[in-house]
Amino acid sequence: MKSMEKIVSLCKRRGFLFQSSEIYGGVQGFWDYGPLGVELKRNLKDAWWSDMLTSHNELVTSANTPSTYEMVGLDSTIIMHPQVWKCSGHYDLFHDHMIDCRESKRRYRFDQVRGRWVEYRDKKIFVATMAEAAEEADDVRRRAMKFFKLRNKDADKITLGTESITLDRLDSTTDVLGPDAKNLDTLTEPREFNLMFKTTLGALGGEDDVTFLRPETAQGIFVNFKNVLDSSRVRVPFGIGQVGKSFRNEITPRNFTFRSREFEQMEIEFFCHPDQSQDWYRFWRDRRLAWYTSLGLSSDSLIMREHHTEELAHYSIGTADIEYAFPFLPEGEYGELEGIAHRGDFDLRSHMEGKLDPKTPKGQRMEVELGEDGKPKHRGSGKDLSYRDELTGERYIPHVIEPSAGADRGALAFLCEAYSEDEAPDEKGNMQTRTVMKLNPRLAPIKAAVFPLVKKDGMPEVAKDIYGELKKHMNVFYDEKGAVGRRYRRQDEAGTPYCITIDTESLNEKTVTIRDRDSLQQSRVRIDDLVAEITERIESH
RNA sequence: GCGGGUGUAGUUCAAUGGUAGAACAUCAGCUUCCCAAGCUGAAUACGAGGGUUCGAUUCCCUUCACCCGCUCCA
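One structure accompanies this document, and this report is about it. Bear in mind the structure is a predicted one, so any value in this text is a computation, not a measurement.

Criteria and thresholds
For every chain, the first residue of the written sequence is number 1, and numbering continues from 1 onward in sequence order. All chains are assigned letters beginning with A, and all ligands numbers beginning with 1, in the order in which they are written. With pLDDT at 70 or above as the cut-off, local features in this predicted model cover only qualifying residues; side-chain atom pairs require 80 or more to be listed or tallied, and sums for whole chains, interfaces and linings still use all residues. Computation of side-chain values: all heavy atoms of the structure, hydrogens and water removed. Where helices and strands are cited, they refer to DSSP runs of H or I of at least four residues and of E of at least two residues respectively, numbered from the N terminus. Contacts between residues were defined by any pair of non-hydrogen atoms, one from each residue, lying within 4.5 Å. Shrake-Rupley sampling with a 1.4 Å probe provides the accessible areas, and residues are treated as covered by the protein chains on show and by no other component. Charge assignment in this entry is limited to Lys and Arg as positive and Asp and Glu as negative, and neither His nor the chain termini are counted. Note that the charge is assigned to NZ on lysines, CZ on arginines, CG on aspartates and CD on glutamates. When two rings of Phe, Tyr or Trp (its six-membered ring) have centres within 6.5 Å they constitute a pair, described as stacked for plane angles under 30 degrees, edge-to-face for angles over 60, and tilted for the intermediate range. Three labels apply to residues, based on accessible area from a 1.4 Å probe with only protein chains included: buried if under 20% of the type maximum, exposed if over 50%, partly exposed otherwise in between. Two strands make a pair as long as DSSP finds a minimum of two bridges between them. Axis angles are defined between N-to-C directions and span 0 to 180 degrees, where every axis is a line fitted to C-alpha atoms and, for a helix, only to the segment in contact. Salt bridge, as used here: a side-chain nitrogen of Lys or Arg that lies within 4 Å of a carboxyl oxygen of Asp or Glu. Only buried Ala, Val, Leu, Ile, Met, Phe, Trp, Tyr and Cys residues count toward a nonpolar core, and they belong to the same one when joined by side-chain atoms within 4.5 Å. Relative orientations are named as follows: roughly parallel for angles under 35 degrees, roughly antiparallel for angles over 145 degrees, roughly perpendicular for angles from 65 to 115 degrees, and oblique for any other angle. By definition, any crossing whose near helix is turned counterclockwise from its far helix by less than a right angle is left-handed, and any crossing with a clockwise turn is right-handed. Three residue categories are used. Nonpolar comprises Ala, Val, Leu, Ile, Met, Phe, Trp, Tyr, Cys and Pro, charged comprises Asp, Glu, Lys and Arg, and polar comprises the others, including Gly. Comment: arc refers to directions from the helix axis out to C-beta atoms.

1. Thoughts on the overall build of chain A
So, point 1. In terms of regular secondary structure, chain A is built from 14 helices and 28 strands.
So, point 2. In terms of its C-alpha atoms, chain A occupies a principal-axis envelope of roughly 100 × 65 × 50 Å.
So, point 3. Put simply, 64% of the contacts in chain A that link residues at least 6 apart link residues at least 24 apart.
So, point 4. Approximately 27,300 Å² of chain A is accessible, and the part contributed by carbon and sulfur atoms is 47%.
So, point 5. Seen as two clouds, the 79 positive and the 92 negative side-chain charges of chain A have centres 4 Å apart.

2. As for the packing of aromatic side chains
So, point 1. Taken as a whole and assessed by the stated rule, the structure comprises 27 aromatic pairs.
So, point 2. Ring geometry for Phe451 versus Tyr488: centroids 5.6 Å apart, planes at 55°, classification tilted. Of this pair, Phe451 sits in strand β24 (residues 448-452) while Tyr488 sits in helix α12 (residues 484-494), and the two are 37 residues apart along the sequence.
So, point 3. For Phe451, a relative accessible area of 0% puts it in the buried group.

3. Some words on the sheet that holds strand β25 (residues 476-478)
So, point 1. Strand order in the open sheet made by the 5 strands is β25-β24-β26-β27-β28, with mixed pairing throughout. Looking at strand neighbours, the two that pair on one side only are β25 and β28 (522-526), the edges of this open sheet. For this sheet the average axis-to-axis angle between neighbouring strands, irrespective of direction, equals 25°.
So, point 2. As paired elements, strand β26 (residues 498-502) and strand β27 (residues 511-516) share 4 bridges and run antiparallel to each other. In the sheet register, Thr501 faces β27, and the bridge partner there is Thr513.
So, point 3. Strands in contact with α12 are β24, β25, β26, β27 and β28; relative to β24, the strand with the most contacts, it is inclined by about 170°.

4. Here's the deal with the pattern of salt bridges
So, point 1. In total, this model carries 46 salt bridges according to the counting rule given.
So, point 2. Asp139 serves as the salt-bridge partner of Arg143, at 3.9 Å between the closest nitrogen and oxygen. Taken together, the residues Arg143 and Asp139, both in helix α5 (residues 136-147) and 4 residues apart, mark about one turn of the helix. Here the two residues Arg143 and Asp139 agree in accessibility, since each one is buried.
So, point 3. A salt bridge links Arg490 to Asp479, with the nearest nitrogen and oxygen atoms 3.3 Å apart. You can see Arg490 sitting in helix α12 and its partner Asp479 sitting in the loop between β25 and α12, a full 11 residues away along the chain.

5. Digging into the sheet that holds strand β21 (residues 399-406)
So, point 1. The strand order across the open sheet formed by 7 strands is β3-β14-β15-β21-β18-β17-β16, and the pairing between neighbours is mixed. Sheet topology places β3 (70-73) and β16 (302-306) at the edges, where each strand pairs with a single neighbour. Each neighbouring strand pair of the sheet contributes to a mean axis angle of 20°, computed without reference to strand direction.
So, point 2. Two elements, β3 and strand β14 (residues 238-247), share 4 bridges in a ladder whose sense is parallel. Paired with Gly73 across the two strands is Gly241, which belongs to β14.
So, point 3. Together, β3, β15 (262-272), β16, β17 (318-324), β18 (335-344) and β21 form the strand contacts of helix α8 (residues 277-294), whose direction differs from that of β18 by roughly 165°.

6. Things to note about the nonpolar core
So, point 1. Counting 54 residues, the largest nonpolar core has Phe270, Trp284, Trp291, Tyr292 and Phe326 as the members making the most contacts within it.
So, point 2. Those elements that place two or more of their residues in this core are α1 (4-14), α2 (35-54), β15, α8, β17, β18, β21 and α10 (407-418).
So, point 3. In terms of residue count, the dominant contributor to this core is α10 (8 residues).
So, point 4. Leaving out residues up to four positions away in the same chain, Tyr292 has contacts with Leu297, Leu302, Ile322, Leu337, Glu338, Ala405 and Phe414.

7. Points about the side chain of Thr257
So, point 1. For Thr257, the position within the fold is in the loop between β14 and β15.
So, point 2. Taking the relative accessible area as the measure of exposure, Thr257 reaches 3% and is therefore buried.
So, point 3. Beyond its immediate chain neighbours, meaning those up to four positions away, Thr257 contacts Leu17, Trp31, Asp408 and Leu412.

8. Considerations on the packing of α2 against α8
So, point 1. Two elements in contact, α2 and α8, have axes separated by 12 Å at closest approach and are oriented at 140°. By the criterion of interaxial angle, the relationship of α2 to α8 is oblique. The two elements α2 and α8 cross, and the hand of that crossing is right-handed. For the pair α2 and α8, contact is made by Leu44, Ala47, Trp48, Asp51 and Met52 and by Trp284, Arg287, Arg288 and Trp291, respectively.
So, point 2. Class assignment for the residues of the contact of α2 with α8 results in 6 nonpolar, no polar and 3 charged.

9. Points about unusual backbone geometry
What you tend to see is this: most non-glycine residues have negative phi, and most peptide bonds are trans.
So, point 1. Here Val236 and Pro237 are connected by a cis peptide whose omega angle stands at 5°.
So, point 2. On the secondary structure map, Pro237 appears in the loop between α7 (225-232) and β14.
So, point 3. The backbone of Asp457 sits at a positive phi, close to 60°, despite the residue not being glycine.
So, point 4. Locating Asp457 in the fold gives a position in the loop between β24 and α11 (459-471).
So, point 5. Among the residues examined, Asp457 registers a relative accessible area of 54% and is labelled exposed.

10. What to know about α1
So, point 1. The complete set of buried residues in α1 reads Met4, Ile7, Leu10 and Cys11. Buried positions in α1, seen along its axis, are confined to an arc of 130° and lie on one side of it.
So, point 2. In the core, the buried residues of α1 are packed alongside β1 (17-19), α10, β22 (419-425), β23 (431-437) and α12.
So, point 3. Of the residues one or two after α1, Gly15 is the one with positive phi, at around 85°.

11. A closer look at the pairing of β26
So, point 1. For β26, a buried count of 5 out of 5 residues is recorded, marking the element as mostly surrounded by other parts of the structure.
So, point 2. Here β26 shows no split at all, with Tyr498, Ile500 and Ile502 on one side and Cys499 and Thr501 on the other all buried.
So, point 3. With 5 bridges connecting them, β24 and β26 associate as parallel partners. Of the residues in β26, the one forming a bridge with Ala449 is Cys499.

Right under this line is the structure:
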């Protein structure tokens, strides 16, 4: 049986994941990777970097690729100029104002609570609701009737306001009936919840020097767009990839490492001609999904979820999430591993002209958002971030496709997928439950373990030589203690795909056995061929 | 942030207002020629702070963390 408790307990026991600052009681939303975990996560990031960037061949068009394309990397800083976050939209968006209901104990986003004024005789109240737009008027009427203690036949005695307005347009909440409340005036004042971690530049920094730890790595790419163009001779279409830490002050971290406050992203910003952006969007969606299955996530546990139009962020023409059926979720529910977003030209234009207005009606060209003084609310850099096609002479602002993956979520998904229990015989031939982490060999923290079958007759010496040779090529583990069966099982829990055993035959014939983690089959190879054989097996996955 | 539950060894669990046990895991030694064997020995725990008490792991309060449900997830 695969259960989250067993996976969490194995992660702790074997050194994949620990709670941060555990000896002091821990901190919510922060997790440390242990000796095995750090290898797993690094292998995952390396696989991403290699598969997406360094091993991509920009000279050939592969299947389903609209054209050839180039890929380069970047490593930008966590702390950036404060204006970056104002133009990116995070500054405005992350300063959510929340209100609590004293009666229902629920919390709402201030600007998301809608409602209508309702009049009955001399009394006028504002009935708030979280109902969908279609049911909103019905819900308001029903709850207003209940509040005024009216029967259905008196429905026409109350008057509903024609306009649905959000709570932040009201002057006070005194006459407001909360979305889940039965009495008036139960809502607290709106309070700011800053989802970005604030910090100060300089030892004597004041309010003007406040900036933030990045909540996404993407902006570091956008602000370096021109630098990359000017320095690397890449041409559109091309992508810039980056792996790095991001920080979000989540209100409710939950579900092991799934929603952490400090996490690592693997992001690509792919720049293309606006006319081809839909093709590239589809290409990256499929390409990224295939990547997860190629490393071992079962396609039964993965879904591609296209966002509905109303769910899309203001800049996005289309967004799809790659989601995984994590064991901590209810049956049939999935958690996000990666989002692939079509961001249009929102980011580059915002960093050029100033933050664009998210309230621009859909379908219209976005305009710079203006402040009360009629000037741009957040000034852009003023730098020209457009691209000129040398062949056609056309100058345009590229559109952006953003495949944005969570490295920690990926690592967690692969851990969950890998966990399995099967039956293996013990020394006496009785079937015993075997816990085994069936990690793809590319991701496995330890690639191979080297065991002398017994700790005598010169076997340890031969084994140590082999260990030394393998270590030059990959992460290997040496163990000579206890029964060999136990050593196999220990490696099963660590996810080590291959165990190399040195026996009497090894001494005479210069051969060793390789035991396969999943099949338990052993095959004999010459010691001279061992490095090539193991390397071949790992790379064939 | 709300409601409910849980915090005892590395893990999974006991017991107890007065010396905290087990299993597995770990370490050392012996044994061992292929899948958690056996024998001997060892180390290791009451989340933190405060209160009540002669004495608190146990009762009370606070806090922190984890789990479940709600909320949130740009």
